[in-house]
Protein chains: 2
Amino acid sequence: MERIVMKFGGTSVANPERIARAAKLVQDEVSRGNQVAVIVSAMGKTTDDLLKLAVEVNPKAGRRELDMLLATGEQVTASLLAMAIAAQGLEARSYTGWQAGVTTESVHGNARIEQVHADKVVSTLESGAVAVITGFQGADSSGELTTLGRGGSDTSAVAIAIAIDAAICDIYTDVEGVFTTDPRLIGQAKKLEEISYDEMLEIANLGAGVLHPRAVEFAKNHQMPLRVRPAHMEGEGTIIKEEIDLENNLIVRGIAFERDIIRITVMYDVPYNGSLANIFTALADHHVNVDIIVQTIMEGVQPSVSFSIKKEDFAEAINVLETEKEALGYNRADFEVGLAKVSIVGSGMVSNPGVAAQMFEILRSASVPVKMVSTSEIKVSVVIPESDMEIAVAALHKQFGLDND
Amino acid sequence: MERIVMKFGGTSVANPERIARAAKLVQDEVSRGNQVAVIVSAMGKTTDDLLKLAVEVNPKAGRRELDMLLATGEQVTASLLAMAIAAQGLEARSYTGWQAGVTTESVHGNARIEQVHADKVVSTLESGAVAVITGFQGADSSGELTTLGRGGSDTSAVAIAIAIDAAICDIYTDVEGVFTTDPRLIGQAKKLEEISYDEMLEIANLGAGVLHPRAVEFAKNHQMPLRVRPAHMEGEGTIIKEEIDLENNLIVRGIAFERDIIRITVMYDVPYNGSLANIFTALADHHVNVDIIVQTIMEGVQPSVSFSIKKEDFAEAINVLETEKEALGYNRADFEVGLAKVSIVGSGMVSNPGVAAQMFEILRSASVPVKMVSTSEIKVSVVIPESDMEIAVAALHKQFGLDND
């Protein structure tokens, strides 16, 4: 007997048929003799529909009331899934976040979980029933409803798995697992059996979208094994844990990519006496997310700083640069659109210093120009023309030995 | 400054426009210097839609999970209305039943309110904000969500009005107030300025549908004045309280009616040695609501008992009579369909013993045959052919002096 957490995202519970399918998966786990706690998101587009209603009523609705509104989404799913599990002949009880003891800080819209008092859930499991718990939400210590923000249901699942001392936290999604790269782009992409927390964190931060980085970090901090599994088909998915067997001794484990990247370059007069921090403080104040930063301050060369941003932040970035030009003290700025970011990720890279050089060589052979570079212990990212992105990913995938046999 | 409760039913908050209209009515009360607590039902057909989903997932869903599901309906309305009130420039905070301190017995689907710990609501009001509270729901002492059953939101409104010591509990509906009879049937029907709790109770029990009897009884027990008011138009509505001014010394204050009544007559062999209780116990066990009961046990006449039921209970009643025939020991049963019940109601009837006779005389003059009679201190009901119902109501309305001038 093991205690297991199963988390179903919005698409996995989007309609009564899918809820029934999820209930069947729960029954399978129970019939293996396991105690099961289930965490659910709101059904499909429910959250969007509720937000639309809110905008109709008050386009500037406060976060507290939005939390009250949105919290209903998961409650609907949780009760329906409990009913569907009961229809399979099992006992099931649904709980809201606050009923399940999920206590958060007193922040609306983006609260962090502080504690989980899981007594009620544990006694439900020990009585032989399935507990179905609303993800994405909790309550603060004064009983105000709070939501956790993006990826919140994954975080709920991990927090509850830790609180009830589960053997594993299974995240059911609409994908088969974690792949070496996006199989929609590269047909040769391969599903990984295992991946380390750190690798998953890099991949999640690079926008792979399977799991929220906050949830991965939470799991890593408590060494809670995660598993990304398909909800609509058979399959063992991908296990995420601390120590993994390096499959075929692969140094690079995955390739992530992101389209619609823009590079902005700001040039300063000689001599340069400003502070780099100023420009990034100004951008951060306006919620512009800056990714890669490259600065050039060399004798005899015009000082400059380049940084990459996402397309959706472009207008705001330009706005900041224009309105703050005098304060920032730069000479001129230009930008390059139509770029993409490609990253190679792998824990083994720490002990293999030649991997970045190998990456540049592969790109050079494929005639892909590199505009910017950024490295971490287990990742190398390059910014390249978006028109070369598919060629670059395919070449890296093949040359680093990731192609499917 | 007065403290006021405003309750909006489902049709009064069915869409964003109506929610905005309700918010405007709240603002009007606040601008008169009043502290306002608002109680809301689920929007329009939300409850039906949720139940439809439940049936798809599990046609035999348990009451606990149905309560979890249905409780979301009012929470959506409460948060949206709080947003709409904020859009009017006021401060507003929505609360679920449990957050507002509504504690019920541990029963799902039809719980009774045990206590209201209104500290949170009162401190919200005293801070100058509007409190918007979900009707129809609460939580038991262990934090399980419960719903109050039919008419629950009216009951919530009254309970909260009592707990916060409100001056009045205004029930906003889609009608102008309480009428002498249904104006859709009788054009001469007149809106009443005031009506007593007891009269309202009789009218509510007779299916007038404006207010749930449980809410009226609750208000009467605590002498909380109620007012039924129109949500979509101007109008003072009807006040419901203990002592009322008899307008024009009218003895009969209102005429209620109900279609689709069926009379069942059960005949026994002579000599009769059974117990009347048996048949009604059997019917009650199968949730058949019996209204008027008339028994005939006279020397030399075949003993019989007649009772009236609603059409929707007919199949089940016949089923009970057939399967229990032997146990009940009756000889034969017949039934008459196509009947209606018409009732006259008025507190003044207690001291006017001739009212029933006057009613029969009016019906006789209108050639309406009376099939069954039932009287209480402030009500006389008759069962008549449904085809005569409109004539009967019109004649009674005119002859008892209720017609509009």
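Rules and cut-offs
Residues numbered from 1 in each chain as written. Chains lettered and ligands numbered in written order. Predicted model: local features only at pLDDT ≥ 70, side-chain atom pairs only at ≥ 80, totals over all residues. Heavy atoms only, no water. Phe/Tyr/Trp six-rings, centres within 6.5 Å; stacked < 30°, edge-to-face > 60°. Helix = DSSP H or I, 4+ residues; strand = E, 2+ residues; numbered from the N terminus. Buried < 20%, exposed > 50% of the residue type's maximum accessible area, 1.4 Å probe, protein only. Lys NZ or Arg CZ within 6 Å of the ring centre and 35° of its normal. Domains from an automatic or database assignment. Contact = heavy atoms within 4.5 Å. Buried area = accessible area lost by both parts, 1.4 Å probe. Salt bridge = Lys/Arg side-chain N within 4 Å of Asp/Glu carboxyl O. Core = buried A, V, L, I, M, F, W, Y, C linked by side-chain atoms within 4.5 Å. Pairing = 2+ DSSP bridges. Axes fitted to C-alpha atoms, helices over the stretch in contact; angles between N-to-C directions. Polar contact = N/O pair within 3.5 Å; in protein donor to acceptor, adjacent residues only side chain to side chain.

S.K.: Honestly, the packing of aromatic side chains in this entry has me stumped. Any pointers?
M.R.: Given two aromatic rings, one states the distance between the centres and the angle between the planes to describe the pair. Under the defined criterion, the tally for this structure stands at seven aromatic pairs over all chains. Ring geometry for F8 of chain B and Y172 of chain B: centres 4.9 Å apart, planes at 20°, overall stacked. A residue pair is termed long-range when its members are at least 10 positions apart, and F8 of chain B in strand β1 (residues 3-8) and Y172 of chain B in strand β9 (residues 168-173) qualify at 164 residues. Using a relative accessible area of 3% as the deciding quantity, one classes Y172 of chain B as buried. Residue placement shows R64 of chain A over the ring face of Y95 of chain B; its charged tip is 5.1 Å from the ring centre. Here the guanidinium or amino end of K325 of chain B rests over the ring plane of Y330 of chain B, the centre of that ring lying 5.2 Å away.

S.K.: Explain the domain arrangement of chain A to me, please; I cannot follow it from the model alone.
M.R.: Where interface size is given, it is often the accessible area lost as the parts come together that is meant. Assigned domains of chain A: these are domain 1 (3-174) and domain 2 (255-399). Relative placement of domain 1 of chain A and domain 2 of chain A: their C-alpha centres are 38 Å apart.

S.K.: Looking at this model, I keep getting lost on the interface of chain B and chain A. Mind explaining?
M.R.: Chain B puts 39 residues into the contact, and the matching count from chain A is 39 residues. Between chain B and chain A, a total of about 3,200 Å² is buried, with carbon and sulfur atoms accounting for 64% of that surface. Our count for the chain B to chain A interface comes out at two salt bridges. R93 of chain A is the salt-bridge partner of E144 of chain B, the closest N and O atoms lying 3.3 Å from each other.

S.K.: What is the right way to read the nonpolar core from this model?
M.R.: Most often, soluble globular proteins have nonpolar side chains that are buried together. Counting residues in hydrophobic clusters, the biggest one holds 43 residues, and the most contacted among them are V5, I133, I164 and C169 of chain B. Per-element accounting of this core gives the leading share, five residues, to helix α5 (residues 152-163) of chain B. Each residue touching C169 of chain B, except ones within four places of it in the same chain, is listed here: V5, A157, V158, A161, M224, P225, L226 and R227 of chain B. In terms of nonpolar packing, the next biggest core, distinct from the first, is built from 41 residues, A111, L148, L201 and V345 of chain A among them.

S.K.: Looking at this structure, I do not really get unusual backbone geometry. What am I missing?
M.R.: What is expected of a backbone is that most residues other than glycine have negative phi and most peptide bonds are trans. Even without a glycine there, the phi angle at Q223 of chain A is positive, about 50°. Its location among the elements puts Q223 of chain A in the loop between α7 (213-221) and β11 (226-230). Residue classification places Q223 of chain A among the partly exposed positions, given a relative accessible area of 43%. With a phi close to 60°, D165 of chain B is a non-glycine residue in the positive phi region. Checked against the element boundaries, D165 of chain B lands in the loop between α5 and β9. Given a relative accessible area of 62%, D165 of chain B falls into the exposed group.

S.K.: Teacher, can you tell me more about the sheet that holds strand β11 (residues 226-230) of chain B here?
M.R.: Hydrogen bonds along the backbone pair up the strands of a sheet, which may run parallel or antiparallel. Residues and elements named next belong to chain B. Taken in spatial order, the eight strands make up an open sheet running β3-β6-β2-β1-β9-β11-β12-β10, and their pairing is mixed. Two strands lie at the open edges of the sheet, namely β3 (92-95) and β10 (194-196), each paired on one side alone. Between one strand and the next, the sheet's axes are offset by a mean angle of 20°, whatever the strand orientation. Two strands pair when backbone bridges link them, and β1 and strand β2 (residues 35-40) are joined in this way by six bridges, in the parallel orientation. Considered in β2, the bridge of K7 is made with I39. Contacts between α5 and the sheet are confined to β1, β2, β6 (130-134), β9 and β11, with β1 contributing the most and set at about 175° to the helix.

S.K.: What is the right way to look at the environment of S94 of chain A in this model?
M.R.: Considering the arrangement of structural elements, one finds S94 of chain A in strand β3 (residues 92-95). With 55 residues separating them in the primary sequence, S94 of chain A and I39 of chain A have C-alpha atoms 9.6 Å apart. Apart from residues lying up to four places away in sequence, S94 of chain A is in contact with A78, S79, A82, Q99 and V132 of chain A together with R64, E65 and M68 of chain B. Side chain to side chain, S94 of chain A and E65 of chain B meet in a polar contact 2.5 Å long.

S.K.: Even after reading the chapter, I still don't get the side chain of T134 of chain A, so can you show me in this structure?
M.R.: Residues and elements named next belong to chain A. By the secondary structure assignment, T134 is in strand β6 (residues 130-134). A polar contact of 2.7 Å, which involves the side chain of T134, links it to the backbone nitrogen of G97. Setting aside chain neighbours within four positions, we find T134 in contact with V40, E74, Q75, A78, Y95, T96 and G97.

S.K.: How do you make sense of the pairing of strand β15 (residues 304-310) of chain A when you look at a structure like this?
M.R.: Residues and elements named next belong to chain A. Taken across its seven residues, β15 has six buried, putting it largely inside the fold. Pairing of strand β13 (residues 254-267) with β15, which is carried by seven bridges, proceeds in the antiparallel orientation. Within the sheet, the bridge partner assigned to T265 lies in β15 and is S306. Relative to β15, strand β14 (residues 290-296) runs antiparallel, the two sharing five bridges. Directly across from V294, in β15, lies its bridge partner S306.

S.K.: Before we go on, may I ask you to explain the pattern of salt bridges in this structure?
M.R.: If the charged atoms of two oppositely charged side chains come close together, the side chains can form a pair. All told, the structure shown has 50 salt bridges over all chains when counted by the stated rule. Between K379 of chain A and E202 of chain A there is a salt bridge; the shortest N-O distance is 3.8 Å. Residue K379 of chain A is located in strand β18 (residues 379-385), and its partner E202 of chain A is located in helix α6 (residues 197-205); the two are separated by 177 residues in the primary sequence. E202 of chain A gets classed as buried once you look at its relative accessible area, which sits at 17%. With a shortest N-O distance of 2.7 Å, R364 of chain B and E361 of chain B are connected by a salt bridge. Of the two residues, R364 of chain B and E361 of chain B both sit in helix α11 (residues 355-365), three residues apart, roughly one turn of that helix. Residue class for R364 of chain B comes out exposed when judged on its relative accessible area of 55%.

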